[in-house]
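What follows is the residue order along each chain.
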Amino acid sequence: MSQTLSRAAALLTALAAAALIGVPAAGASASAPPPPVRYAALGDSAASAPGVPDEADAGCMRSTHNYPHLVAARLASATLTDVTCAGADTGTLASGGQFDALTQDTGLVTLTIGGNDVGFTGIIVKCSALGLLDPSGKPCANSYGSGLDDRIGAAEPKVAAALRTIHQRSPRARVLLVGYLNLIPDDAKTCRPRVLFTGGDMAFLNDFENSLNTMLARVAHAEGADFVDNHPASADRDVCRDDATRWTEGLIPTNPSIPFHPNARGEQAMADAVLAAAAR
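Residues numbered from 1 in each chain as written. Predicted model: local features only at pLDDT ≥ 70, side-chain atom pairs only at ≥ 80, totals over all residues. Heavy atoms only, no water.

Looking now at the packing of aromatic side chains. Applying the stated criterion across every chain yields a total of one aromatic pair. Between Phe197 and Phe260, the ring centres sit 5.8 Å apart and the planes meet at 35°, which makes this aromatic pair tilted. Separated by 63 residues along the polypeptide, Phe197 in the loop between β6 (174-178) and α8 (199-222) and Phe260 in the loop between β7 (226-228) and α9 (264-279) bring together distant segments of the chain. Each member of the pair, Phe197 together with Phe260, is buried. In this structure, Lys126 packs its charged tip against the face of Tyr144, placed 4.8 Å from the ring centre. (Phe/Tyr/Trp six-rings, centres within 6.5 Å; stacked < 30°, edge-to-face > 60°. Helix = DSSP H or I, 4+ residues; strand = E, 2+ residues; numbered from the N terminus. Buried < 20%, exposed > 50% of the residue type's maximum accessible area, 1.4 Å probe, protein only. Lys NZ or Arg CZ within 6 Å of the ring centre and 35° of its normal.)

Position of Ser48 relative to the elements: it lies in helix α2 (residues 45-48). Put simply, Ser48 and His65 are 17 residues apart on the chain and 8.7 Å apart in space, counted from C-alpha to C-alpha. Residue contacts for Ser48: discarding those within four places in its chain leaves Cys60, Met61, Arg62, Ser63, Asn66, Thr84, Cys85 and Ala86. Within the structure, Ser48 has its side chain in polar contact with the backbone oxygen of Met61 (distance 3.4 Å). (Contact = heavy atoms within 4.5 Å. Polar contact = N/O pair within 3.5 Å; in protein donor to acceptor, adjacent residues only side chain to side chain.)

This part covers the sheet that holds β6. The sheet built from five strands is open, its strands ordered β4-β1-β5-β6-β7 with parallel pairing. On the outer flanks of this sheet lie β4 (78-82) and β7, each paired with one strand and no other. Mean inter-strand twist for the sheet, computed between neighbouring axes without regard to direction, equals 20°. Sitting on the sheet, α9 touches β5 (108-112), β6 and β7, and the angle it makes with β6 is about 145°. (Pairing = 2+ DSSP bridges. Axes fitted to C-alpha atoms, helices over the stretch in contact; angles between N-to-C directions.)

What follows deals with the state of the cysteines. Overall, the coordinates contain three disulfides when judged by the stated rule. With its sulfur 2.0 Å from that of its partner, Cys60 forms a disulfide with Cys85. Linking Cys60 and Cys85, the disulfide has an S-S dihedral of approximately -85° and is accordingly described as left-handed. On the criterion of sequence distance, the pair formed by Cys60 in the loop between β2 (55-57) and β3 (62-63) and Cys85 in the loop between β4 and α4 (92-95) is long-range, its members being 25 residues apart. The same class applies to Cys60 as to Cys85, namely buried. Disulfide partner of Cys191: Cys240, at an S-S distance of 2.0 Å. Handedness of the Cys191-Cys240 disulfide follows from its S-S torsion of about -75°: it is left-handed. Residue Cys191 is located in the loop between β6 and α8, and its partner Cys240 is located in the loop between β7 and α9; the two are separated by 49 residues in the primary sequence. Each disulfide of the protein chain joins two cysteines, and with those cysteines numbered along the sequence the arrangement is 1-2, 3-4, 5-6. (Disulfide = S-S within 2.5 Å.)

This next bit is on the pairing of strand β1 (residues 37-43). The buried count for β1 comes to five of seven residues, which makes it a mostly enclosed element. Taken together, the five bridges between β1 and β4 define a ladder with parallel strand orientation. By the bridge assignment, Ala40 is partnered in β4 with Thr81. With five bridges joining them, β1 and β5 adopt parallel strand pairing. From the neighbouring strand, Ala40 faces β5, where its bridge partner is Val109.

All right, on to the pattern of salt bridges then. Throughout the structure, instances matching the rule amount to 12 salt bridges. The salt bridge partner of Glu156 is Arg218, with a shortest N-O separation of 2.9 Å. Residue Glu156 is located in helix α7 (residues 147-169), and its partner Arg218 is located in helix α8; the two are separated by 62 residues in the primary sequence. For Glu156, a relative accessible area of 22% translates into the label partly exposed. Since its relative accessible area comes to 42%, Arg218 is described here as partly exposed. (Salt bridge = Lys/Arg side-chain N within 4 Å of Asp/Glu carboxyl O.)

Across the five residues of β6, four count as buried, placing the element largely inside the fold. Of the pairings in the sheet, the one linking β5 to β6 comprises four bridges and is parallel in character. If you follow Leu108 over to β6, its bridge partner there is Arg174. In terms of strand pairing, β6 meets β7 through three bridges, oriented parallel.

These figures come from the coordinates and say nothing about function on their own.
Okay, here's the thing in structure tokens:
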């Protein structure tokens, strides 16, 4: 046999052996696929997406198209543990078992929290009723005064403690505190009957939203988390926009959702923001 034929035979033998034992041939990539990213999603109804099709958990009003599911679908090799739940606050993260989703090898955590700590739902209901009774004044602002600032101040150390617990349970995780979408238009113009707040109260509630957002950003920075600020992108997607534009529904939703919560477009926008933050 010639030297050329001998070398060819040796190469074929080596390739066959490599195929049998799983050793890459010369020039082939030896890198294995990346290990799965363990992703834990915690938070309240802004994250669970009640009313957005399809429902995965009736008790927590959790959707299969909430932002955590959308994020996981676009992350390579992600395994998602989604424990987001409507009504969650910083206290129920522990008592409701959400912290139990965190492990030592969790690589990514998203958390949306704080709205229920400040009593967001009760504020919306009360201000809607007051606006119906007094459509030309500032009944909500007059009723709450500076009390909403006090609520935000009281919630701040609770959010901070939640982030510290996440870091303790998942010390290697990238932690993203995901802020809320903009609900009230920045120009503070009312859009009755989609909402029942008066023009004066729209400005008051917009200030409240902005203050809550600022607090969340401050806590994230102080506690070693990254803040995902959803306010800028949603500034022109507020509750007063038309059906095809808005990301948050009004008093009577016309896109699948529940009142004053993100619709499917809003959840997609939140997912896009999370993915952009995770890539930085």
